[in-house]
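So you can see what is in the structure, the chains are spelled out below.
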Amino acid sequence: MERPQQLYSQGQEENIKFNSDKILWGHVSLSLYSALAVVHTFGLHLLLYNYMACAKSRFGENSPIELNEIRPRPRQDCEANLTALHSENQIREQWDRSMTWLVKAWSITCTGCIILLPFPLAFFQVPGVDGNIYARTAVLSMLICSGIGLMTAGFYLQLKSKFKSKGFMKEWMKASQGLNNRQAVDFWTYLCLPVSLFSWAMFFCIVTLLIIIMRINPTDEMEFNQKQVQAWHISSIIFLVILTVCQAVQVYRFGKRILEVS
């Protein structure tokens, strides 16, 4: 009898260890994913979460809309029904106010990206920019981010009516419970995606201006041999390709998610 008990105890210990490792890896992967989201959005999704998170319902974690689906309300309980309806209306009003603010932010972002688009052409007229690998890469990166940001902001503005759907409100209420899963992080990330793209375009614009103002020219192609210049060109191309692919993948993922939820 002792032998089976020992085997059972060992099996339990192994299961506990496996579950602990799984939980630990889940926390680590979520932390890394959240860190990447912070880099991608400059932390804007955290500000958006603090500003737009749904107020907690008096019923706890479940919202009135979810309560409609998981338990019936008896007709005689009129007071409870009215209270829940009032709470639901408050949540809808909060989401409508948040969406009004977001639409304005997307419109401003769209205008900002339009303003930034001619800047790369202007920068290339500055002597030395086309001969500096850092400046040239920053200018092209600004062009990529502002172009994708303009398309994304326009896409979001076209779908602004879909953001007010009941399915999207449910996603919002789930994501408001905390940034403790990837779905919640993704939700706030794709809401601020146009603004984050515009922020990246501004970042590369500032980098270009600093290079021009400080007259830093460590990579003048005339001062180095052909192999070094070729290596810099390849590095620049790789960076621009990675930047374009990453931003395009994010836009595709989030655009697909928005259409599915709506």
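1. Things to note about the UniProt feature "transmembrane region" (unreviewed entry) in the chain
Turning to step 1, where the next piece is worked out: According to UniProt, the feature "transmembrane region" (unreviewed entry) maps to residues 30-49, 101-121, 133-157, 187-212 and 232-252 in the numbering used here.
Turning to step 2, where the next piece is worked out: Overall, residues 187-212 shows 96% helix and 0% strand. The separation of its end C-alpha atoms is 38 Å.
Turning to step 3, where the next piece is worked out: Along residues 232-252 one finds 100% helix and 0% strand; the C-alpha atoms at either end are 30 Å apart.

2. Some remarks on the pattern of salt bridges
Turning to step 1, where the next piece is worked out: Considering all chains together, one arrives at 2 salt bridges under this definition.
Turning to step 2, where the next piece is worked out: Of the charged contacts in the structure, one is a salt bridge between glutamate 171 and arginine 257, with a shortest N-O distance of 3.1 Å. Taken together, the residues glutamate 171 in helix α7 (residues 166-175) and arginine 257 in helix α10 (residues 226-261) connect sequence positions 86 residues apart.
Turning to step 3, where the next piece is worked out: Residue classification places glutamate 171 among the buried positions, given a relative accessible area of 17%.
Turning to step 4, where the next piece is worked out: Since its relative accessible area comes to 31%, arginine 257 is described here as partly exposed.
Turning to step 5, where the next piece is worked out: For arginine 253, the salt bridge goes to aspartate 186, with nearest N and O atoms at 3.0 Å. Remark: aspartate 186 occurs in helix α8 (residues 182-191) and arginine 253 occurs in helix α10; sequence separation between them is 67 residues.
Turning to step 6, where the next piece is worked out: By relative accessible area, arginine 253 is classed as partly exposed at 32%.
Turning to step 7, where the next piece is worked out: On the basis of relative accessibility, which here comes to 15%, the residue aspartate 186 falls in the buried class.

3. Side note on the nonpolar core
Turning to step 1, where the next piece is worked out: Within the largest apolar cluster, 32 residues are counted, with the highest numbers of intra-cluster contacts made by Phe163, Phe168, Phe187, Trp188 and Leu191.
Turning to step 2, where the next piece is worked out: Elements that contribute at least two residues to this core include exactly α2 (44-52), α4 (78-116), α6 (133-158), α7, α8, α9 (193-214) and α10.

4. Considering the packing of α6 against α9
Helices that pack against each other are described as a pair by the angle of their axes relative to one another and the distance between those axes.
Turning to step 1, where the next piece is worked out: α9 packs onto α6 with a crossing angle of 160 degrees between their chain directions and a minimal axis gap of 8 Å. The angle between α6 and α9 places the two elements in the roughly antiparallel class. For α6 against α9, the interelement crossing comes out left-handed.
Turning to step 2, where the next piece is worked out: Partitioning the contact of α6 with α9 into residue classes produces 18 nonpolar, 5 polar and no charged.

5. Brief notes about the side chain of serine 165
Turning to step 1, where the next piece is worked out: Among the structural elements, serine 165 can be located in the loop between α6 and α7.
Turning to step 2, where the next piece is worked out: A polar contact is formed between the side chain of serine 165 and the backbone oxygen of lysine 162, at a distance of 2.9 Å.

6. A few points about unusual backbone geometry
Turning to step 1, where the next piece is worked out: Despite not being glycine, phenylalanine 42 has its phi angle at roughly 60 degrees, a positive value.
Turning to step 2, where the next piece is worked out: Mapping phenylalanine 42 onto the fold places it in the loop between α1 (2-41) and α2.
Turning to step 3, where the next piece is worked out: Residue phenylalanine 42 is classed as partly exposed on the basis of its relative accessible area, which comes to 39%.

7. Quick notes on the packing of aromatic side chains
Two descriptors summarise a pair of aromatic rings, namely the distance from one centre to the other and the angle between the planes of the rings.
Turning to step 1, where the next piece is worked out: One pass over the full model with this rule turns up 21 aromatic pairs.
Turning to step 2, where the next piece is worked out: Ring plane angle 50 degrees and centroid distance 5.6 Å describe the contact between tyrosine 156 and phenylalanine 163, whose orientation is recorded as tilted. Accessibility classification places tyrosine 156 together with phenylalanine 163 in one group, the buried group.
Turning to step 3, where the next piece is worked out: Among the aromatic side chains, those forming a connected cluster through ring pairs are Tyr49, Trp95, Trp106, Phe155, Tyr156, Phe163, Phe168, Trp172, Phe187, Trp188, Tyr190 and Phe254.
Turning to step 4, where the next piece is worked out: Above the face of the tyrosine 33 ring, arginine 182 is positioned so that its terminal group lies 4.7 Å from the ring centre.

Calculation notes
- Residues numbered from 1 in each chain as written.
- Predicted model: local features only at pLDDT ≥ 70, side-chain atom pairs only at ≥ 80, totals over all residues.
- Heavy atoms only, no water.
- UniProt positions renumbered as here; feature names shortened; annotations may be inferred.
- Helix = DSSP H or I, 4+ residues; strand = E, 2+ residues; numbered from the N terminus.
- Salt bridge = Lys/Arg side-chain N within 4 Å of Asp/Glu carboxyl O.
- Buried < 20%, exposed > 50% of the residue type's maximum accessible area, 1.4 Å probe, protein only.
- Core = buried A, V, L, I, M, F, W, Y, C linked by side-chain atoms within 4.5 Å.
- Axes fitted to C-alpha atoms, helices over the stretch in contact; angles between N-to-C directions.
- Parallel < 35°, antiparallel > 145°, perpendicular 65-115°, else oblique.
- Left-handed = near helix turned anticlockwise from the far one by under 90°.
- Nonpolar A, V, L, I, M, F, W, Y, C, P; charged D, E, K, R; others polar.
- Polar contact = N/O pair within 3.5 Å; in protein donor to acceptor, adjacent residues only side chain to side chain.
- Phe/Tyr/Trp six-rings, centres within 6.5 Å; stacked < 30°, edge-to-face > 60°.
- Lys NZ or Arg CZ within 6 Å of the ring centre and 35° of its normal.

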